Amino acid sequence: MDWFSDSDDIKTGFARTLSGWYEHHKRDLPWRHTRDPYFIWLSEVILQQTRVVQGRPYYERFVAAYPTVQSMADADERDLLRLWQGLGYYSRARNMHRTAHYVANELKGQFPNTYEALLKLPGIGTYTAAAIASFAFNEKVAVLDGNVYRVLARVFGIEDDIITGPAKKTFSRLATELIQQTDDPATYNQAIMEFGAIQCTPVSPDCLICPFQPVCDAYQTGRQRFLPVKSKKTAVRDRYFNYLVIRQGNRLALKERTQKDIWQHLYDFCLVETEEPLEAFRELPEGDVLNWVLQEGILKGLSAERTHVLSHQRIRARFWRIDLPEDRTVPLPAGLFFYEPADLEQLPKPILVVDYLKSLHF
DNA sequence: AATCCGGGGCG
DNA sequence: CGCCCAGGATT
């Protein structure tokens, strides 16, 4: 079927074509069966910078664990972080908890029902506010996410660098104009993102069966690979983590990460970071921890080594095993506490630590 | 405007 | 190995 008739302005046909495509191709996703702002919000926060296939199981677990905004507000933040474990960008979970508190206790459980009001809540930016406002309250406000930038840049041949402010404005203006063409903004927003996610993909978009083929600027000019324009360069920094895995009997010593750094409020082992890789344990910088180990512990040697890659850091981690005698009480360095396996399991931990623990098998 | 914040999947 | 994902907060 040809979605575009001669009398169609491209912008007029765009929304209608998108809706037609969506009805045939949309995935069955759990958050598409509700208009409850709590579940919409939960799904949107989980899906920030996260693929649907990765976020979906987390959404299911969160819905089961916290069926209402009040139940989430009442939860311990540590339990929230534990359920969030493995999703990354952990400040999302903490902002989510703050917003749950505010909505449950200050707004009597009722989410704000406008874009402008939603925007004020912690962890809700322009994208998420637009998503909730349109999906839950049918407000005619356009979402702008990575999918939308890509689809619009290609179809309308926009070459502005999407990192810049002026470009965001250009895209926003166009997106706003486009959503005016429909009386179902919720479906329109879902449709354009779904289209970007499963058809107009970043690499090898499926142009051969694309309904926009006749009008798509990128397709007509063969520029799919070069649109959208994104100048971003990823400067990856190397860091060297030396973990002292202190063990006494079946207990391990962990510490909450409270400093302003990655993995805030997650738990890991006694950490000594160095500027260069540590070849031998004796190269540890002199300090309390080294003195403590030499005096109290029995060094069992290098236990594991792995590289953990984040978006802008590459962490080279080495794990050194320290065993303490079981027959006496040894005071641990500040911040460290012993946990038995069952308690340790309940702590939120970076995947790097989770994976190492799996390799310990005890 | 630039930087920081995770983890995973895919070519 | 590089890119990018239903981005937001901070500086």
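This structure is a prediction, so every number in the text was calculated from the model and none was measured.

So, how was this worked out
Residues numbered from 1 in each chain as written. Chains lettered and ligands numbered in written order. Predicted model: local features only at pLDDT ≥ 70, side-chain atom pairs only at ≥ 80, totals over all residues. Heavy atoms only, no water. Buried < 20%, exposed > 50% of the residue type's maximum accessible area, 1.4 Å probe, protein only. Helix = DSSP H or I, 4+ residues; strand = E, 2+ residues; numbered from the N terminus. Pairing = 2+ DSSP bridges. UniProt positions renumbered as here; feature names shortened; annotations may be inferred. Near = heavy atom within 4 Å. Polar contact = N/O pair within 3.5 Å; in protein donor to acceptor, adjacent residues only side chain to side chain. Nonpolar A, V, L, I, M, F, W, Y, C, P; charged D, E, K, R; others polar. Phe/Tyr/Trp six-rings, centres within 6.5 Å; stacked < 30°, edge-to-face > 60°. Lys NZ or Arg CZ within 6 Å of the ring centre and 35° of its normal. Core = buried A, V, L, I, M, F, W, Y, C linked by side-chain atoms within 4.5 Å. Domains from an automatic or database assignment. Arc of directions from axis to C-beta.

Draft legend 1. Spatial organisation of the pairing of strand β6 (residues 313-323). Among the 11 residues that make up β6, 9 are buried, leaving the element largely enclosed by the rest of the structure. For strand β1 (residues 237-248) and β6, the ladder comprises 11 bridges, and the chain directions are parallel. Paired with leucine 244 across the two strands is tryptophan 320, which belongs to β6. Alignment of strand β5 (residues 298-309) against β6, held across 10 bridges, turns out to be antiparallel. Paired with arginine 306 across the two strands is alanine 317, which belongs to β6.

Draft legend 2. Geometry of the UniProt feature "domain: HhH-GPD" (unreviewed entry) in chain A. Per the UniProt record, the feature "domain: HhH-GPD" (unreviewed entry) sits at residues 46-198. As annotated, residues 46-198 comprises 65% helix and 0% strand, and the C-alpha atoms at either end are separated by 19 Å.

Draft legend 3. Structural context of the protein's contact with DNA strand B. Around DNA strand B, 22 residues are found, and the nearest of them are Tyr90, Trp263, His308, His312 and Gln313. Counting only atoms of DNA strand B within 4 Å of the protein, the sugar-phosphate share comes to 61%. Leucine 87 places a polar main-chain atom, nitrogen or oxygen, 3.0 Å from a base nitrogen of DNA strand B. One of the side-chain N or O atoms of histidine 308 is found 2.5 Å from a phosphate oxygen in DNA strand B. Its residues assigned to classes, the surface near DNA strand B comprises 9 nonpolar, 10 polar and 3 charged.

Draft legend 4. The arrangement of the packing of aromatic side chains in detail. Enumeration over the complete set of coordinates arrives at 20 aromatic pairs. Geometry around tyrosine 58 places arginine 61 over its ring, the cationic atom sitting 4.7 Å from the centre.

Draft legend 5. Seen up close, the nonpolar core. In terms of nonpolar packing, the biggest core is built from 99 residues, with Phe14, Trp41, Met72, Trp263 and Phe269 touching the most fellow members. For this core, the element with the highest residue contribution is helix α8 (residues 126-137), accounting for 8 residues. Looking at this core, you find at least three residues from each of domain 1 (10-226) and domain 2 (237-360). Counting residues in each nonpolar core, the second largest holds 17 residues, with Phe281, Leu290, Trp292 and Phe338 among its members.

Draft legend 6. A look at unusual backbone geometry. For the bond running from leucine 227 to proline 228, omega is 0°, close enough to zero to count as cis. Its location among the elements puts proline 228 in the loop between α12 (217-221) and β1. For tyrosine 89, which is not a glycine, the phi torsion comes out positive at approximately 45°. Within the fold, tyrosine 89 resides in the loop between α5 (77-84) and α6 (91-106). A relative accessible area of 46% means that tyrosine 89 is categorised as partly exposed. The backbone phi angle of tryptophan 263 is positive, close to 60°, even though this residue is not glycine. Structurally, tryptophan 263 can be placed in the loop between β2 (251-256) and β3 (267-268). Exposure remark for tryptophan 263: the relative accessible area of 9% places this residue in the buried category.

Draft legend 7. Quick look at α5. Within α5, the full set of buried residues consists of Leu80, Leu81 and Trp84. For α5, the angular spread of buried residues about the axis comes to 95°, placing them on one side. Of the residues trailing α5, glycine 86 is marked for its positive phi of about 100°.

Draft legend 8. Up close: the protein's contact with DNA strand C. Near DNA strand C lie 29 residues; those nearest to it are Arg51, Gly123, Thr128, Asp145 and Arg150. Within 4 Å of the protein, atoms of DNA strand C come from sugar and phosphate in 67% of cases. Tryptophan 31 is positioned with one of its side-chain polar atoms (N or O) 3.2 Å from a base nitrogen of DNA strand C. Between DNA strand C and the protein, one listed contact pairs a phosphate oxygen with a backbone N or O atom of glutamine 49 at 2.8 Å. Among the elements of the structure, α8, α9 (146-155) and α11 (185-198) are those that each provide at least two residues to the surface near DNA strand C. For the surface near DNA strand C, the class distribution of residues is 9 nonpolar, 11 polar and 9 charged.

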